[in-house]
Amino acid sequence: MLGTGCGCKTFVLHVKWDLHLLNCKIPLSLQFSAISIQFPAPSTTTSLSSPPIPAAAMGNCFSGGGHSQFAVGGTSSIPDTRGPNDAVDSFLKSRGFPGPFSRIELSLSASNLRDRDVLSKSDPMAVVYTKEKDGSLQEVGRTEVVQNSLNPQWITKVKITYYFEMVQTLLFHVYDVDTQLHGPEVKTLKLDDQQYLGEGTCTLSQIVADPKCSRTLDLVSIAESTEPTRPRNLGQLTVHAEEEVVSKTTAELIFKCTDLENKDFFSKSDPFLVISKYVESGATVPICRTEVLKNDLKPVWKPIFLNISQVGSKDSPMVIECFNYNSNGKHDLLGKVQKSLAELEKLSSSKQGENLFLPITVGKDPQTKVLKSQLLVDKYSESVHHTFLDYLSGGCELNFMVAIDFTASNGNPRLPDSLHYIDHSGRPNAYQKAIQEVGDVLQYYDYDQQFPSWGFGARPIDGPVSHCFNLNGSSTNPMVAGIQGIMTAYERALSNVSLAGPTLFGPVITSAATIASQSLAANENKYYVLLIITDGVITDLQETKDALVKASDLPLSILIVGVGGADFKEMEILDADKGEKLESTTGRVASRDIVQFVPFRDVQGGEISVVQSLLAELPSQFLTYMRNRGIQPKPHPPTTL
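Here, residues in each chain are numbered from 1, in the same order as that chain's written sequence. Under the rules for a predicted model, residues below a pLDDT of 70 receive no local features and side-chain atom pairs below 80 are neither given nor counted, while totals for whole chains, interfaces and linings still include all residues. In computing side-chain values, all of the structure's heavy atoms are included and hydrogens and water are not.

Trainee: Provide a residue-level description of the side chain of Thr534, including the pertinent values.
Mentor: A run of H or I in DSSP becomes a helix once it reaches four residues, and a run of E becomes a strand once it reaches two; helices and strands are each numbered from the N terminus. Among the structural elements, Thr534 can be located in strand 27 (residues 526-534). Only protein chains enter the accessibility calculation, which uses a 1.4 Å probe; a residue is then buried when its area is under 20% of its type maximum, exposed when over 50%, and partly exposed in between. Its relative accessible area of 0% is what places Thr534 among the buried residues. For the purposes of these results, a polar contact is taken to be a pair of N or O atoms within 3.5 Å, where, inside protein, one atom must be able to donate a hydrogen and its partner to accept one; residues adjacent in sequence count only when each atom of the pair is a side-chain atom. Here the side chain of Thr534 touches Gly536 through a polar contact of 3.4 Å, landing on its backbone nitrogen. We call two residues contacting when some pair of their heavy atoms lies within 4.5 Å. Residues in contact with Thr534, not counting those within four places in the same chain, are Asp405, Tyr431, Phe456, Thr503, Phe505, Ile560, Val561, Gly562, Val563, Phe568 and Met571.

Trainee: Quick one: what's the story with the sheet that holds strand 10 (residues 195-203), residue by residue and with numbers?
Mentor: By definition, two strands form a pair when at least two bridges between them are found by DSSP. The strand order across the open sheet formed by four strands is 7-6-9-10, and the pairing between neighbours is antiparallel. The sheet is open, and its two borders are formed by strand 7 (137-142) and strand 10, each paired with just one other strand. Sheet twist, expressed as the mean angle between neighbouring strand axes with direction ignored, is 25 degrees. Of the pairings in the sheet, the one linking strand 6 (residues 124-131) to strand 7 comprises five bridges and is antiparallel in character. Bridge pairing in strand 7 places Tyr129 opposite Glu139. To define axes, lines are fitted to C-alpha atoms, for helices over the stretch in contact only, and angles between the resulting N-to-C directions are given on a 0 to 180 degree scale.

Trainee: Please provide a residue-by-residue account of the pattern of salt bridges, values included.
Mentor: We count a salt bridge whenever a side-chain nitrogen from Lys or Arg sits within 4 Å of a carboxyl oxygen from Asp or Glu. All chains considered together, the criterion is met by eleven salt bridges. Of the charged contacts in the structure, one is a salt bridge between Lys339 and Glu354, with a shortest N-O distance of 3.3 Å. Of this pair, Lys339 sits in strand 18 (residues 332-339) while Glu354 is found in strand 19 (residues 354-362), placing the two residues 15 residues apart along the sequence. For Lys339, a relative accessible area of 14% translates into the label buried. Between Lys526 and Glu524 there is a salt bridge; the shortest N-O distance is 4.0 Å.

Trainee: I'd love a proper account of the nonpolar core, names of residues and values included.
Mentor: By convention a nonpolar core is built from buried Ala, Val, Leu, Ile, Met, Phe, Trp, Tyr and Cys residues, the set being connected through side-chain atoms within 4.5 Å. Membership of the largest hydrophobic core comes to 80 residues, with the highest contact counts inside it found for Leu106, Tyr162 and Phe406. Met401, Ala512, Leu554 and Met571 belong to the second-largest nonpolar core, a separate cluster that totals 32 residues.

Trainee: Please give an account of the sheet that holds strand 11 (residues 214-218) that cites residues and values.
Mentor: An order of 8-5-12-11 is seen for the four strands of this open sheet, with the pairing classed as antiparallel. This sheet does not close on itself; its edge strands, each paired only once, are strand 8 (158-162) and strand 11. Strand-to-strand, the axes of this sheet are offset by a mean angle of 30 degrees, without reference to chain direction. Sheet topology note: the strand 11/strand 12 (residues 236-243) ladder contains five bridges and is antiparallel. Directly across from Arg215, in strand 12, lies its bridge partner Val239.

Trainee: Now, about the pairing of strand 17 (residues 318-324): what can you tell me, with residues and values included?
Mentor: The buried fraction of strand 17 amounts to seven of the seven residues, a majority that puts the element mostly inside the structure. Taking every second residue as pointing to the same face, both faces of strand 17 are buried, with Met318, Ile320, Cys322 and Asn324 on one and Val319, Glu321 and Phe323 on the other. In this structure, strand 14 (residues 271-278) lies alongside strand 17, joined through seven bridges in antiparallel fashion. By the bridge assignment for strand 17, Phe272 is matched with Phe323. With seven bridges joining them, strand 17 and strand 18 adopt antiparallel strand pairing. Bridged to Met318 within strand 18 is Lys339.

Written out as structure tokens, the structure reads:
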């Protein structure tokens, strides 16, 4: 921790990148880095006058808003299963790596494998790879070898990081391992020396989006998989996915103290709490810190939230220390207690306090001095926070919808400089690329692959300008089959309409909201995602806001891609990332942020793809909707391998 002349604190987090966790290539020079995070000293004014600072660092612990949310550094010899670290996550995003993730365990089994041994059955082992965009393979893990079996059920789990916003292609190879090589660890086995039994492939999305979180693949040989004739079936491989087991229970606590010692000469103490857990070595590691309260000997801090797995268990002892803040970084210890979450819960229910103590030394003997000061727990409550994958495994669908801008500002589609120009050499235009990239991710979460598709801002043949027409030309049904069906309908529409204007979003948002509303009324287990691709500035800004405010109560998110060189400042108003919620004409405020906007030119050719930028907020928008409405994941059907 470094002091600064302005009374700030700079915490330096030394990070060793876990390359297996990130599941991506990082240069060796980046494997050890330091992240400096600076936090201002507490203001002498009230917290309301200070700008909010995002909570950073330690796992799932955070304080409930305000101006002094601190990061606390710490290292541990045990694996960190608490979830994403905000500071590291921000650092990775700035360098083009994806955002929030889930750790997945893959369980594998096979049936009807080929028998390659003469005097016994095959001894199979499975190897899992990810296939990169350039076609290269990165090994993720291997199972153990199961001896003498054509229907193995492997025990070893293969762990992989799941990113919603990416298409993660998996390749599974199955080998018959030479009996003489059963002794060495599987990691050391040379695969070229083993007999190849077959392979299968799918995306990770196809597995986790299945209600049973599993997928069965036909195994084929490398040579046969490229032949025009139907490949010979070499058995089946079943893959089951499950999130790593961590506690989903979060404890909310409100702490307060009484009769704190005054350590300042000209004012009262400025107290804050640091909560630490014990690690295997017996040392303590900070996991959470409250805000600093200025001039207060009877402080009541804002709520903090601790995930049960973050501290180990409800019975794991924690150290809660109360400090007086000093701008030079030498904070005064005002006292401490040692309590588990279970004991803190009892303190809350009994409305009793716990006396703080100070460690002292009498002669050579360490002792404790019990103080008059007390720590009290004003509130203790627990709640279960389900994950995005919990809802998917409960059968919830993400239904994809698309709306395409056909206004005249796109240019004549017959000319190469038009944003709608169809290059028959195969090079996609910006509209086609956005549809393909977003659709590639979302299609696996939509079971029937039927996608409502609209156009807006065009004049159909011999008709008035329409601000929401079915892309397939139907007068009643907007559905098209598959992503390729959207692409085909888009190309045909370019031949059947005249580009016009103006650019209005209200009608297509209303159409999407109508479908989402009908689904909600029918109690369907669905969430809708509307992709709007546009080249221009909208002319119905307030009407669009009105439609978005209404839609914020529905199972709907809206992704907007801006193509071309227009000024998209108004689009950024619709995307409430800066904390400014949308307000309707009647003064009603949106219940949540449902819009994510990205200019295509900002991410085109960069490290972060348009899909990653566009879909980054979707899981959190989805979870906010489910939690706001108190919707629990449906139990998923049992699976057997």
